[in-house]
Every structure is written in C-alpha cells, then in structure tokens.
Amino acid sequence: MDRTHCIRPAMVLALAISCTCGSAARAAGKAHEHGALRLDVAVDGHTLTIAMQAPLDNLLGFERAPRTEAERKAAADMLARLRSPDRAPPLFAADAAAQCSLSRAEVSAPVLEPGAGAAAKDEHADLDADYEFSCARPGELRNLDVGLFEAYRRIQRIDVQVAGPTGQAKVTLKRPARSVRLLR
Ligand SMILES: [Zn+2]
C-alpha cells in the first residue's frame, strides 16, 4: 500500500487543528502587541468595509472588566465612541467626493460585557469592530483618513491590509501618518 495515502488525512487534520487553535487564541485575546492595532480595509462595489482588531489596552488602558464607577464610565464612553466612528472628529473618513455613509457598526469586547468572568491577571483582551460604509460614488474613493492616533494616544502603530478588485497591499501607519491609499 502506498504510504502517502495513510499520511495525508493525518496532515489535513493537523492543519485543521492548528487553524482552530489560532483563531481560538485570537478570540481569547492572546498574543497581541500593546500599541499596535490591525485594520482590514476593503472596497467592493459601493461598499467600503473596515475591520479593526485592537488590544483593549490601546483604547482603554486596561483589559479586564471595569472595577470602579470611573472605569465603567470610561468603558461605556469608549464603546459608544467606537459605535459612532463617523462622529466628528471621525475615526475613519473616506474622500468626501465618494459620498460614503456609515451603514453598519458592530463593536465587540467580550471582557467588558456584563457578567464576563474575572480574567486572570496576565490575560489579554481584544476589541473587535466591524464597519461598513455605503458609497454613492465609489469611483471617487482614493484614500481613507484614519483618526485613531488622535483619538487614542496609546496606539503607536497600525498594520493595515488593504484589498480591492485590483489586488491587495499591506501598509503600516506610524504616528502621525493617517492616510491609507485605497485599492479599487
Ligand atoms: Zn494585552
């Protein structure tokens, strides 16, 4: 019997397991770098999507359930701000000529939700945000202006993955840079 036929299913299984572990680790907020943040930006037809993954520390200064009234307020304010990214000064703004308006904003930070269990002292936690903008004139999309450095002083670097019909690109923004060239 050809041995490769025996080995292959095991390799496929190993790959599947390693992928599962990777996403589980991300979901638990492990292995992130404070000061750095990830953005995935894509243009598809009339839709501009932005997915953000950030260590909670970058946005709030702590990565656990709030313990005091002041911390509860800070967490609520931070979540409200991120749920309205188009509020002035905007966290994300595409070219005005493209006439984009926010059509979806979903922000998730499980550790801040009521009833979240107390995290271990050295445990990390992420915040995920998914935004969708609907653009009346997508042909006018050139750049995305990112206001995160101004809004959150703890962010030092933003790793951006840009995707569009013409391809993909990786860009790293470092203070005070704020412009990402869009692919369309
Ligand atoms: Zn952390």
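Our structure is the block above this text.
Computed from a predicted model, the values in this text were never measured in an experiment. (Residues numbered from 1 in each chain as written. Predicted model: local features only at pLDDT ≥ 70, side-chain atom pairs only at ≥ 80, totals over all residues. Heavy atoms only, no water.)

Visitor: I tried to follow the side chain of His 32 on my own but got confused; where do I start?
Guide: In this structure, His 32 sits in the loop between α1 (3-27) and β1 (36-44). A distance of 2.9 Å separates the side chain of His 32 from the side chain of His 124, its partner in a polar contact. For His 32, the contacting residues outside a window of four places in its chain are Pro 55, Glu 63, His 124, Ala 125 and Asp 126. (Helix = DSSP H or I, 4+ residues; strand = E, 2+ residues; numbered from the N terminus. Polar contact = N/O pair within 3.5 Å; in protein donor to acceptor, adjacent residues only side chain to side chain. Contact = heavy atoms within 4.5 Å.)

Visitor: Would you mind showing me how to read the environment of Phe 62 here?
Guide: Secondary-structure assignment places Phe 62 in the loop between α2 (56-60) and α3 (69-83). In contact with Phe 62, not counting residues within four places along its chain, are Leu 56, Asp 57 and Glu 71.

Visitor: Hey, could you run me through the pattern of salt bridges in this one?
Guide: Charged atoms that come close allow side chains of opposite charge to pair. For the structure shown, the criterion picks out twelve salt bridges. When the shortest N-O distance is used, the salt bridge between Arg 178 and Glu 150 registers 3.0 Å. In this pair, Arg 178 sits in the loop between β8 (167-174) and β9 (179-181) while Glu 150 sits in helix α4 (residues 148-151), placing the two residues 28 residues apart along the sequence. For Arg 178, a relative accessible area of 28% gives the class partly exposed. Bridged by salt links that share partners, the residues Glu 33, Arg 157 and Asp 159 form one connected network. (Salt bridge = Lys/Arg side-chain N within 4 Å of Asp/Glu carboxyl O. Buried < 20%, exposed > 50% of the residue type's maximum accessible area, 1.4 Å probe, protein only.)

Visitor: Can you walk me through unusual backbone geometry in this structure?
Guide: With glycine set apart, most residues show a phi of negative sign, and most peptide bonds adopt trans. That bond from Ala 88 to Pro 89 is cis: its omega, -10°, falls within 30 degrees of zero. In this model, Gln 99 sits at a positive phi of 50°, which is unusual for a non-glycine residue. A relative accessible area of 45% means that Gln 99 is categorised as partly exposed.

Visitor: I keep staring at the coordination of the zinc ion and nothing clicks. Help me out?
Guide: In the first shell of the zinc ion, the protein supplies His 32 (NE2), His 34 (NE2), Glu 63 (OE), Glu 63 (OE) and His 124 (ND1), at 1.8 to 2.7 Å from the metal. With a relative accessible area of 38%, His 34 lands in the partly exposed category. (Donors = N, O, S within 2.8 Å, 3.2 Å for Na, K, Ca; no water.)

Visitor: Is there a simple way to think about the sheet that holds strand β3 (residues 92-94) in this case?
Guide: Either a parallel or an antiparallel arrangement is found when strands of a sheet pair, and the pairing is made through backbone hydrogen bonds. Reading across the sheet, the three strands line up as β3-β6-β9 and stay open at both edges, with antiparallel pairing between neighbours. The outermost strands of the open sheet, each flanked by one partner alone, are β3 and β9. Going across the sheet, the axis of each strand differs from the next one's by a mean of 25°, ignoring polarity. Judged from the three bridges that link them, β3 and strand β6 (residues 143-146) form a sheet pairing that is antiparallel. Note that in β6 the partner of Phe 92 across the bridge is Val 146. (Pairing = 2+ DSSP bridges. Axes fitted to C-alpha atoms, helices over the stretch in contact; angles between N-to-C directions.)

Visitor: Explanation requested: the environment of Val 171 in the structure shown.
Guide: Topologically, Val 171 is positioned in strand β8. Val 171 gets classed as partly exposed once you look at its relative accessible area, which sits at 27%. When the C-alpha positions of Val 171 and Ile 158 are compared, they lie 8.3 Å apart, and in sequence the two are 13 residues distant. Once residues within four sequence positions are removed from consideration, Val 171 is found in contact with Ile 158, Asp 159, Val 160 and Val 162.

Visitor: I tried to follow the sheet that holds strand β2 (residues 47-55) on my own but got confused; where do I start?
Guide: If you trace the six strands from one edge of the open sheet to the other, you get β4-β5-β2-β1-β7-β8, paired in mixed fashion. Since the sheet does not close on itself, it has two edges, and those belong to β4 (100-108) and β8, each with one partner. Put simply, the sheet's adjacent strands are angled 15° from each other on average, direction ignored. Two strands pair when backbone bridges link them, and β2 and strand β5 (residues 126-135) are joined in this way by nine bridges, in the antiparallel orientation.

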